[in-house]
Amino acid sequence: MSEPVHPATRQRVLLVTGLLGAGKSTALNVLEDLGWETIDNFPIRLLDRLIDGPDAPAPDLRPPLAIGFDSRTRGFDPNKVIERVKKLVGRNDLELTTLFLDCAGQELERRYNETRRRHPLAQDMPAASGIAAERETMEPLRRWADMVISTTDFTSNDLQQAIRERFGRDAPMGTTVSITSFGFSRGMPPVADLVFDMRFLHNPHWNPQLRAQTGRDAPVGDFIRTDPAFEEAFGRIRDLILQLLPRYQAQGKAYVNIAFGCTGGRHRSVFTAELMAAALRAAGYSPSILHRNLSARAADLVEDPSGNLRGSAPLKR
């Protein structure tokens, strides 16, 4: 019977696969930045040869290894891949995980049209035909994978963030909290766990002296605080978050993403996000903060007091 291997000394191996165009190359690039050794388009039949044997010296000094492969590999057979990987999973010197990157067909078609590339499985057919054939081929791997990430609504930056959160070994233990401000006029962040809409507050955009400033400027913050609804609403949101974070941690959730939105993402959401970050720091957390639309120009479409979109024709009754 083999001796048990301490988890800290196990070779960490990540198999990265999925649909073509779903973001495999992006994921591997991020993993490389995180200190992983990465290999793309690897013939999976050679996997046993690539991974060091169980008697290799100093396994704790080996960097984690990420291996990318997809349906283009010659002789690719998902069922044989699964059989081969199952044998490796049984080795006590390896920590092996499979990541499958998925994406909706229409979004994949858009990406192929945007890049003007042909789908490898549809050289003489529409991209949709190749995507459908590939999805059917890859379905056994998708069902079997340890982790599935759908990139349908992800930008490249969103996928990069998701990979860093899941596979960055330098991330602190416990629950990592991030706070994002954003503008609804530019879409919601796809990875937010908690979203708070701050558009019920008075909008500094309509004050000519404040419009060019942001939620980081004191006059904007003072203006928002004059809204009778702000203090009570902020206190309740803060208390809710402080109540939920320990429960998320107890459930083993490693990352909690909190988002505050307003119309343009430059005033109310920014101020609230900064204030909430300060409140969480006072409570012992160390949240990171990202203002997604702070550097963007003021929104062209913002709600006016009548409920219409500014710049649009009045609604017909």
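Residues numbered from 1 in each chain as written. Predicted model: local features only at pLDDT ≥ 70, side-chain atom pairs only at ≥ 80, totals over all residues. Heavy atoms only, no water.

Novice: Help me understand the sheet that holds strand 4 (residues 94-102), please; the structure alone is not making it clear to me.
Specialist: In a beta sheet, neighbouring strands pair by backbone hydrogen bonds and run either parallel or antiparallel. Reading across the sheet, the five strands line up as 2-3-1-4-5 and stay open at both edges, with parallel pairing between neighbours. At either margin of the open sheet sits one strand with a lone partner, and together these are strand 2 (37-39) and strand 5 (147-150). Looking at each pair of strands side by side, their axes are set apart by 20 degrees on average, direction ignored. Note: strand 1 (residues 11-18) against strand 3 (residues 65-68), four bridges, orientation parallel. In the sheet register, Val16 faces strand 3, and the bridge partner there is Gly68. Sheet contacts for helix 1 (residues 24-33): strand 1, strand 2, strand 3 and strand 4; angle to strand 1, the most-contacted strand, approximately 160 degrees. Along the sheet face, helix 5 (residues 127-144) touches strand 1, strand 4 and strand 5 and points at about 140 degrees away from the line of strand 4. (Pairing = 2+ DSSP bridges. Helix = DSSP H or I, 4+ residues; strand = E, 2+ residues; numbered from the N terminus. Axes fitted to C-alpha atoms, helices over the stretch in contact; angles between N-to-C directions. Contact = heavy atoms within 4.5 Å.)

Novice: For this particular structure, what's the right way to read the packing of aromatic side chains?
Specialist: Pairs of aromatic rings are described using the distance from one ring centre to the other and the angle between the two planes. As enumerated under the stated definition, the model contains six aromatic pairs in all. Relative to Phe167, the ring of Trp36 has its centre 6.2 Å away and its plane inclined at 90 degrees; by these criteria the two rings are edge-to-face. In this pair, Trp36 sits in the loop between helix 1 and strand 2 while Phe167 sits in helix 6 (residues 156-167), placing the two residues 131 residues apart along the sequence. Exposure remark for Trp36: the relative accessible area of 6% places this residue in the buried category. Ring geometry for Phe69 and Phe76: centres 6.4 Å apart, planes at 45 degrees, overall tilted. Assigned by exposure class, Phe69 and Phe76 land together as buried. Three or more aromatic residues joined by ring pairs form one cluster here, namely Phe230, Phe234 and Phe271. The side chain of Arg199 reaches across the aromatic face of Phe184, ending 3.8 Å from its centre. (Phe/Tyr/Trp six-rings, centres within 6.5 Å; stacked < 30°, edge-to-face > 60°. Buried < 20%, exposed > 50% of the residue type's maximum accessible area, 1.4 Å probe, protein only. Lys NZ or Arg CZ within 6 Å of the ring centre and 35° of its normal.)

Novice: I keep staring at the side chain of Ser178 and nothing clicks. Help me out?
Specialist: Structurally, Ser178 is set in strand 6 (residues 176-183). The buried category is assigned to Ser178, whose relative accessible area is 12%. In contact with Ser178, not counting residues within four places along its chain, are Val256, Asn257, Ile258 and Ser288.

Novice: Would you explain unusual backbone geometry in this entry?
Specialist: Residues other than glycine predominantly adopt negative phi, and peptide bonds predominantly adopt the trans conformation. In this model, Asn41 sits at a positive phi of 55 degrees, which is unusual for a non-glycine residue. Mapped onto the elements, Asn41 comes out in the loop between strand 2 and helix 2 (47-50). On the basis of relative accessible area, Asn41 is assigned to the partly exposed category, the value being 45%.

Novice: Which parts of the structure should I look at to understand the packing of helix 7 (residues 218-225) against helix 9 (residues 268-282)?
Specialist: Packed helices, taken two at a time, are described by the angle between their axes plus the distance between the axes. Look at helix 7 against helix 9: their axes get within 10 Å of each other, and the N-to-C directions meet at 90 degrees. It follows from the interaxial angle that helix 7 and helix 9 lie roughly perpendicular. Of helix 9, the residues touching helix 7 (which contributes Gly221, Ile224 and Arg225) are Arg268, Phe271 and Leu275. Tallied by class, the residues present in the contact of helix 7 with helix 9 amount to three nonpolar, one polar and two charged. (Parallel < 35°, antiparallel > 145°, perpendicular 65-115°, else oblique. Nonpolar A, V, L, I, M, F, W, Y, C, P; charged D, E, K, R; others polar.)

Novice: Would you take a moment to explain helix 8 (residues 230-250) for this structure?
Specialist: Spanning 21 residues, helix 8 covers 31 Å between terminal C-alpha atoms, matching the ideal 30 Å at 1.5 Å per step. Residues of helix 8 that are buried: Phe230, Ala233, Phe234, Gly235, Ile237, Ile241 and Leu245. Considering only its buried residues, helix 8 is in contact with strand 6, strand 7 (194-197), helix 7, strand 8 (255-262) and helix 9. (Expected span 1.5 Å × (residues − 1).)

Novice: Would you mind showing me how to read the packing of helix 8 against helix 9 here?
Specialist: Contact geometry for helix 8 and helix 9: axes closest at 11 Å, N-to-C directions at 50 degrees. By the criterion of interaxial angle, the relationship of helix 8 to helix 9 is oblique. Note on packing geometry: the crossing formed by helix 8 with helix 9 is right-handed. Seen from helix 8, the contacting residues are Phe230, Phe234, Ile237, Arg238, Ile241, Leu242 and Leu245; seen from helix 9, they are Phe271, Thr272, Leu275, Met276, Ala279 and Leu280. (Left-handed = near helix turned anticlockwise from the far one by under 90°.)

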